[in-house]
Amino acid sequence: MRFFSRLTFLCNICFIIMVIMRYIEIGKAKNNSEAVVKLPFIQNTLIVLGWTAVFLNLVFVIITIFLFLFKKTNPVPRWIIIINLLIFAWQIAYHFNFY
């Protein structure tokens, strides 16, 4: 569970970077200038990990709720749980507002 929670945290960071890159690209498209990131491999990797974060975060939240309801010990640090839950709430709000 520790590895999974850290993987989810890293994918959540990629999601945040992906959203920031999207807004920068939208701003650059209005000015008809070059792309923000010159390395498409890095940009594409961040986008894939960013979209994967939504599904990983959903699984993480379900597992965390399951462990909480059945009062099992959770080996994950509390700060990772809180941050992942906050980012998950933001992801849900982001997808319902923008897509």
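Higher on the page you've got the structure.
Residues numbered from 1 in each chain as written. Predicted model: local features only at pLDDT ≥ 70, side-chain atom pairs only at ≥ 80, totals over all residues. Heavy atoms only, no water.

Here Thr8 is to be found in helix α1 (residues 2-31). Each residue touching Thr8, except ones within four places of it in the same chain, is listed here: Leu56, Asn57, Phe60 and Asn84. (Helix = DSSP H or I, 4+ residues; strand = E, 2+ residues; numbered from the N terminus. Contact = heavy atoms within 4.5 Å.)

Although it is not a glycine, Lys71 adopts a positive phi angle of roughly 55°. Mapped onto the fold, Lys71 is located in the loop between α2 (40-69) and α3 (78-98).

Along the chain, Met18 turns up in helix α1. Put simply, Met18 and Val48 are 30 residues apart on the chain and 9.1 Å apart in space, counted from C-alpha to C-alpha.

Now for the packing of aromatic side chains. The description of an aromatic ring pair rests on the distance of the ring centres and on the angle between the ring planes. What the rule picks out here adds up to six aromatic pairs. Taking the centre distance of 6.1 Å and the plane angle of 45° together, the rings of Trp90 and Tyr94 count as tilted. Linking Trp90 with Tyr94, this pair stays in helix α3, spanning four residues, or about one helical turn. You can call Trp90 partly exposed: its relative accessible area is 37%. Residue classification places Tyr94 among the buried positions, given a relative accessible area of 4%. Pairwise contacts between aromatic rings join Phe15, Trp90 and Tyr94 into one cluster. A cation sits over an aromatic face here: Arg22 above Tyr23, 6.0 Å from the ring centre. (Phe/Tyr/Trp six-rings, centres within 6.5 Å; stacked < 30°, edge-to-face > 60°. Buried < 20%, exposed > 50% of the residue type's maximum accessible area, 1.4 Å probe, protein only. Lys NZ or Arg CZ within 6 Å of the ring centre and 35° of its normal.)

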